[in-house]
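# Descriptive structure summary
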Amino acid sequence: SALYDALPGHDRICGQIGAFPTEAHRAGLYSAPHVVVSCVDSMAGRKDIASWCCEQRVPMFIDCRVLAETAAVACVAASESGMRGTELANRYGSYLARLPSDDEVPPLACGERGTAYVGMWLAARVAATINNWCRGVPPASLTVWQVGANVRMGGGGAREQASTTE
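Residues numbered from 1 in each chain as written. Predicted model: local features only at pLDDT ≥ 70, side-chain atom pairs only at ≥ 80, totals over all residues. Heavy atoms only, no water.

### Quick look at unusual backbone geometry
This is how it is decided: Counting from the N terminus, the helices are the DSSP runs of H or I reaching at least four residues and the strands are the DSSP runs of E reaching at least two.
Phi is positive for R57, close to 60°, though the residue is something other than glycine. Within the secondary structure, R57 sits in the loop between α3 (43-56) and β2 (60-67).

Set out below in structure tokens:
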């Protein structure tokens, strides 16, 4: 799609385990990635990562959450027309405005009440979301699944259902 072709350096894939963005990223020693997948334990960490992604105009940010057999994916993604305009910044602003504080969520560490297959299932959904986005299919801003029953509780790919948060 035109969106995928608009991303320079398609082969730029990297991973970061630990604090992100690193001091080297903040200092501008590395180029901003095209996609950031956040799997962190705190809302403050999500806010810090998403704020940096907004500043760097990262075209796609994915926030993954798991509690027991419930998985959620929140996405901020540029559209083909929104790569250069204010649309992407507005989407990050909407995500950040709706992000609860650490005091507003249960104090459970990531995966503390989950099972191994939920993480693997979620990784497959993230890969499919990125692949579809590169093909021009916009992701839902928030999708929630009951993984054990393989039931989507919200979200709908290109079109969102009423139960999905915009």
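The rest of the description comes next.
### Brief notes about the packing of aromatic side chains
How we decide: Working definition: rings of Phe, Tyr and Trp (its six-membered ring) pair if their centres are within 6.5 Å, and the pair is stacked with planes under 30 degrees apart, edge-to-face with planes over 60 apart, and tilted otherwise. Exposure is judged per residue with a 1.4 Å probe applied to protein chains only, and the accessible area is read against the type maximum: over 50% gives exposed, under 20% gives buried, and values in between give partly exposed.
Per the stated rule, a full pass over the model turns up 3 aromatic pairs. Judged by centre distance (6.4 Å) and plane angle (45°), the rings of F61 and Y92 are tilted. Here the residue F61 occupies a position in strand β2, and Y92 occupies one in helix α4 (residues 87-98), the gap between them amounting to 31 residues. Each member of the pair, F61 as well as Y92, is classed as buried. Taken together, the ring pairs in this structure connect F61, Y92 and Y95 into an aromatic cluster.

### Describing α3
This is how it is decided: The span you would expect from a helix comes to 1.5 Å times its residue count less one. Whenever two N or O atoms come within 3.5 Å, that pair is a polar contact, provided that in protein one can donate a hydrogen and the other can accept it, and provided that, for residues adjacent in sequence, both atoms are side-chain atoms.
When the terminal C-alpha atoms of α3 are compared, their 20 Å separation across 14 residues agrees well with the 20 Å that a helix rising 1.5 Å per residue should span. The opening residue of α3, the one whose side-chain oxygen lies 2.8 Å from the backbone nitrogen of G45, is S42. Taken from the residues just after α3, R57 is the one with a positive phi, measuring 60°.

### Some thoughts on the pattern of salt bridges
Close approach of charged atoms allows side chains with opposite charge to pair. Going by this rule: We define a salt bridge as a contact between a side-chain nitrogen of Lys or Arg and a carboxyl oxygen of Asp or Glu at a distance within 4 Å.
Taken as a whole and assessed by the stated rule, the structure comprises 3 salt bridges. We note a salt bridge from R65 to D63, for which the minimum N-O separation is 2.6 Å. Residue class for R65 comes out partly exposed when judged on its relative accessible area of 25%. Linking E87 and R91 is a salt bridge whose minimum nitrogen-to-oxygen distance equals 2.2 Å. Of this pair, E87 and R91 are both found in helix α4, 4 residues apart, which corresponds to roughly one turn of the helix. We classify R91 as partly exposed; its relative accessible area is 33%.

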